[in-house]
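Residue strings, one per chain:
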Amino acid sequence: MREFMTGNHAVAHAVKLCRTPLIAAYPITPQTPIYEKLSEWESSGLLQGIMMRTESEHSAMASCIAASLTGVRTFTATSSQGLALMHEMLHFAAGCRAPIVMANVNRLLAAPWGFWADQLDSLSQRDTGWIQFYCENGQEALDSVIQAYKIAEQVFLPVMICLEAFFVSHFMEPVEIPAQEEVDRFLPPLNLPHRFDIEKPGFLVPVVSSDLYRKYRQMMQRAMDSVKTVAAQVDDEFKTTFGRSYGIIEPILVEDAEVLLVTAGSMTSTARMAIQTLREKGYPVGLLKIRLFRPFPVEALQQTITGKKKIVVIDRNCSIGSGGIFCQELRAALIHSPDPPFVYNYLAGIGGTDVTPDTIGKIALDAIRRVDPADESIWWVDV
Amino acid sequence: MIEIKFKGRGGQGVVVASELLGRAFFIEGKFPQCFSLFGSERRGAPVIGFLRVDEKPILLKCQIYQPDQLILFDLSLVEEKEVIEELKPGGTLLINTDQGIEAFKNWRQFKIGLIDGRPIARGAGVEGALNTTLLGAYAALTHEVRKETLIEVVRRMIPIKTESNIKALQTAYDRVRIYESLS
């Protein structure tokens, strides 16, 4: 059934369809509509699970970890400062191999204060052991939450579904809501190990020797590596059932392109329009969308990028002192390529500033005109 | 694709207006996309609503700079020159005002609809929000959406004072003064 709704409400629908029994959350703009919608359904009896209204995001994540270890599906949603406050527990969730699913609405981090789109909040959690997906629109956010449970419950790692403030969270668009029976078939009743027995409470995170710690970390890394394959399989299965798929990366008009734009999240949609215009004007420009960020799909990217002359990564985030984070990761992935391309980094859309097809077109032309490589990130301001 | 921009103040129903109209387009089988910009969520603060509608899914994920249609809830928020620069040539302007067409002689290159929304809304029993009133006027001015669809959306989405809102919509539909473009 197709309905007209925001990205936030699309996420809430996904959580309801996944029959998540435990949702623990704390409201924060611009994620709050997810929390409110789930609360509304809880009070009207439409939600199968319960909402735990915790006193902070740190507690919300702690609750999700505990519940997950009793063998049930869990969900939380947050943004920006809330995610930052969760930081310590994010490490615990991944280390405990708890298959929690979280939606993070990408909002800038203070200071100064604001509510606008910026991916730095989730990207700065990249080393916590969470799988991360970046979504282009509400439909993809809904579908990715459903896929996330299937992936998390196979590899025993938590998943963060990222959608940008405003451009996804608050954009109302037609969204296809899958039928409950289909989601039930795709996500059969859960049979996770019960690692925590509430009848016999105990401490789950003992002190270990250095050797054991290293082994656990290595197992986590191996599980994380397997996500590249598992996520692609789950996406294929999803397509069979629901008719939609996204890939872990998506190449668009890449084959005959000499210059490749790289984007993640909502900017990708706008870039799809921009490259059409550039093509009509005769510029050999293609587009590559990165959907899966953790684990970073190194092999898939290497294959797609081989033979290209210029890569133009547009980042809606900046690691101060380094630059755009998608660009950092991509440069590292390409270091052993034969005849590596020039990789340019443009910072655009930071703090929710608007990125139009024209912005992207101008960035592409700027990169096409450049003769020399550039190590530093280019702060793009439309003129 | 049609791009519509709504300008008003917090409390006038700008955000809800764009959502109601978006939903009406959706019911009529179109692909709408709507969103809003507000600096701070409080009464009186300037609010901008955006609505795009097309026969196919819309890929743009950015603001609207040159709308085809501009709906002004509050004239005090716009400069005469700004409207001329912003609105697409051949565009349509819906203005909530108690003034006559002579006050807008420099905008006559556009198709204009004038509606004195406040007394209409108040007369129908709606205080504050002008969204349903202006949407009634919009339907008569542009014929982009059917009045009946808008009424259906109001019934579905506005649980309080539903009939008053429908009355305001209907009255504005009948009373909007329409002036074709002079160019």
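Residues numbered from 1 in each chain as written. Chains lettered and ligands numbered in written order. Predicted model: local features only at pLDDT ≥ 70, side-chain atom pairs only at ≥ 80, totals over all residues. Heavy atoms only, no water.

### Points about the sheet that holds strand β15 (residues 378-379) of chain A
Two strands in a sheet stick together by hydrogen bonds in their backbones, pointing the same way (parallel) or opposite ways (antiparallel).
Residue and element names in this part refer to chain A.
Thought 1: The sheet built from 6 strands is open, its strands ordered β9-β11-β10-β13-β14-β15 with mixed pairing. Here the strands that pair on one side only, and so sit at the sheet edges, are β9 (249-252) and β15.
Thought 2: One ladder, built from 4 bridges, connects β9 with strand β11 (residues 285-290); its direction is antiparallel. Paired with I249 across the two strands is I290, which belongs to β11.
Thought 3: Contacting β10 (259-263), β11, β13 (310-315) and β14 (342-347), helix α12 (residues 357-369) crosses the sheet at an angle of about 145° to β13. (Pairing = 2+ DSSP bridges. Helix = DSSP H or I, 4+ residues; strand = E, 2+ residues; numbered from the N terminus. Contact = heavy atoms within 4.5 Å. Axes fitted to C-alpha atoms, helices over the stretch in contact; angles between N-to-C directions.)

### Considering the confidence of the model for chain B
Thought 1: In the predicted model, chain B carries a mean pLDDT of 95, and the fraction of residues at 70 or more is 98%.
Thought 2: Of the two predicted TM-score estimates for the complex, the pTM is 0.97 and the ipTM is 0.95. (pLDDT = per-residue confidence, 0-100.)

### Quick word on the pattern of salt bridges
Thought 1: Inspection of every chain in the model, using the stated rule, returns 35 salt bridges over all chains.
Thought 2: Across the pair A:E153 and A:R73 runs a salt bridge whose closest N-O atoms are separated by 2.8 Å. One end of the pair, A:E153, is in helix α6 (residues 138-155); the other, A:R73, is in the loop between α3 (57-69) and β4 (74-79), with 80 residues separating them in the sequence. Assigned by exposure class, A:E153 and A:R73 land together as buried.
Thought 3: As a salt-bridge pair, B:E86 and B:K7 come within 2.9 Å of each other at their nearest N and O atoms. Here B:K7 lies in strand β1 (residues 2-9) and B:E86 lies in helix α2 (residues 80-86), a separation of 79 residues in the sequence. (Salt bridge = Lys/Arg side-chain N within 4 Å of Asp/Glu carboxyl O. Buried < 20%, exposed > 50% of the residue type's maximum accessible area, 1.4 Å probe, protein only.)

### Remarks on the environment of A:L157
Residues and elements named next belong to chain A.
Thought 1: Note that L157 resides in the loop between α6 and β7 (159-164).
Thought 2: Sequence separation between L157 and C96 is 61 residues; the distance between their C-alpha atoms is 8.4 Å.
Thought 3: When neighbours within four sequence positions are excluded, L157 is seen to be in contact with A94, R97, A98, P99, G129, I131, A152, M220, A223 and M224.

### A few points about the sheet that holds β7(A)
Residues and elements named next belong to chain A.
Thought 1: Spatial strand order, β3-β2-β4-β5-β7-β6-β12: 7 strands in an open sheet with mixed pairing. Of all the strands in the sheet, just β3 (50-53) and β12 (292-294) have a single pairing partner and so form its edges. Shown here is a sheet whose adjacent strand axes are inclined to one another by a mean of 25°, direction ignored.
Thought 2: Contacting β4, β5 (101-106) and β7, helix α4 (residues 80-95) crosses the sheet at an angle of about 130° to β4.

### Regarding the interface of chain B and chain A
Thought 1: Taken together, the contact pairs 20 residues of chain B with 22 residues of chain A.
Thought 2: Summing both partners gives a buried area of about 2,000 Å² for chain B against chain A, and 68% of it is carried by carbon and sulfur.
Thought 3: Its largest share of buried area at the contact with chain A, chain B owes to B:F26, B:L59 and B:K61, together 37% of the area lost on that side.
Thought 4: Here chain B is connected to chain A by 1 salt bridge.
Thought 5: Among the ionic pairs, B:K61 bridges to A:E173, the shortest N-O distance being 3.1 Å.
Thought 6: Here chain B and chain A share 7 residue pairs in polar contact (both at pLDDT 80 or more) between them.
Thought 7: Of all the elements in the fold, those that place two or more residues in the side of chain B that touches chain A are α1 (14-27) and β2 (31-38) of chain B.
Thought 8: Top contributing element to the side of chain B that touches chain A by residue count: β2(B), with 8 residues. (Buried area = accessible area lost by both parts, 1.4 Å probe. Polar contact = N/O pair within 3.5 Å; in protein donor to acceptor, adjacent residues only side chain to side chain.)

### Considerations on the domain arrangement of chain A
Residues and elements named next belong to chain A.
Thought 1: Entries for chain A in the domain assignment read domain 1 (2-242) and domain 2 (249-379).
Thought 2: Placing the centre of domain 1 and that of domain 2 at their C-alpha centroids yields a distance of 28 Å.
Thought 3: Taken together, the 26 residues of domain 1 in the interface contact 30 residues of domain 2.
Thought 4: Carbon and sulfur atoms supply 52% of the area buried between domain 1 and domain 2, which totals about 2,400 Å² over both sides. (Domains from an automatic or database assignment.)

### Side note on a nonpolar patch on the surface
Thought 1: On the surface, a nonpolar cluster with roughly 460 Å² of combined accessible area is contributed by A:V208, A:L212, A:Y213, A:Y216 and A:M219.
Thought 2: Here A:M219 is to be found in helix α8 (residues 210-242). (Patch = residues over 30% accessible without salt bridge, like charges linked within 9 Å, V, L, I, M, F, W, Y side chains within 5 Å. Areas by Shrake-Rupley, 256 points an atom, 1.4 Å probe, with all protein chains shown as cover.)

### A closer look at the packing of aromatic side chains
Thought 1: Tallied over the full model, the rule gives 18 aromatic pairs over all chains.
Thought 2: Judged by centre distance (4.9 Å) and plane angle (65°), the ring pair of A:F166 and A:F167 falls under edge-to-face. We note that A:F166, like A:F167, is buried.
Thought 3: Joined through ring pairs, the aromatic side chains of A:F166, A:F167, A:F171, B:F35 and B:F50 make up one cluster.
Thought 4: Lying over the aromatic face of A:W41, A:K16 brings its terminal NZ or CZ to 4.6 Å of the ring centre.
Thought 5: Across the ring face of A:F186, the terminal group of A:K150 is positioned such that the distance to the ring centre comes to 4.3 Å. (Phe/Tyr/Trp six-rings, centres within 6.5 Å; stacked < 30°, edge-to-face > 60°. Lys NZ or Arg CZ within 6 Å of the ring centre and 35° of its normal.)

### Side note on helix α4 (residues 131-142) of chain B
All names here are of chain B.
Thought 1: Taking 1.5 Å per residue as the helical rise, α4 with its 12 residues ought to reach 16 Å, and the 16 Å between its terminal C-alpha atoms agrees with that figure.
Thought 2: Burial analysis of α4 places 12 of its 12 residues in the buried class, the great majority of the element.
Thought 3: Of all the residues in α4, the buried ones are N131, T132, T133, L134, L135, G136, A137, Y138, A139, A140, L141 and T142.
Thought 4: Looking at the residues trailing α4, positive phi occurs at H143, about 55°. (Expected span 1.5 Å × (residues − 1).)

### Side note on helix α9 (residues 267-280) of chain A
For the α-helix, the turn length of 3.6 residues means that residues three or four positions removed from each other point alike.
Residue and element names in this part refer to chain A.
Thought 1: Helix length check: α9 (14 residues) gives 20 Å between terminal C-alpha atoms against 20 Å at 1.5 Å per residue, within 8%.
Thought 2: The complete set of buried residues in α9 reads M267, T268, S269, T270, A271, R272, A274, I275 and L278.
Thought 3: On its buried face, α9 is in contact with β7, β9, β10, β11, β13 and α12.
Thought 4: One or two steps after α9, the chain reaches G282, where phi turns positive at roughly 95°.

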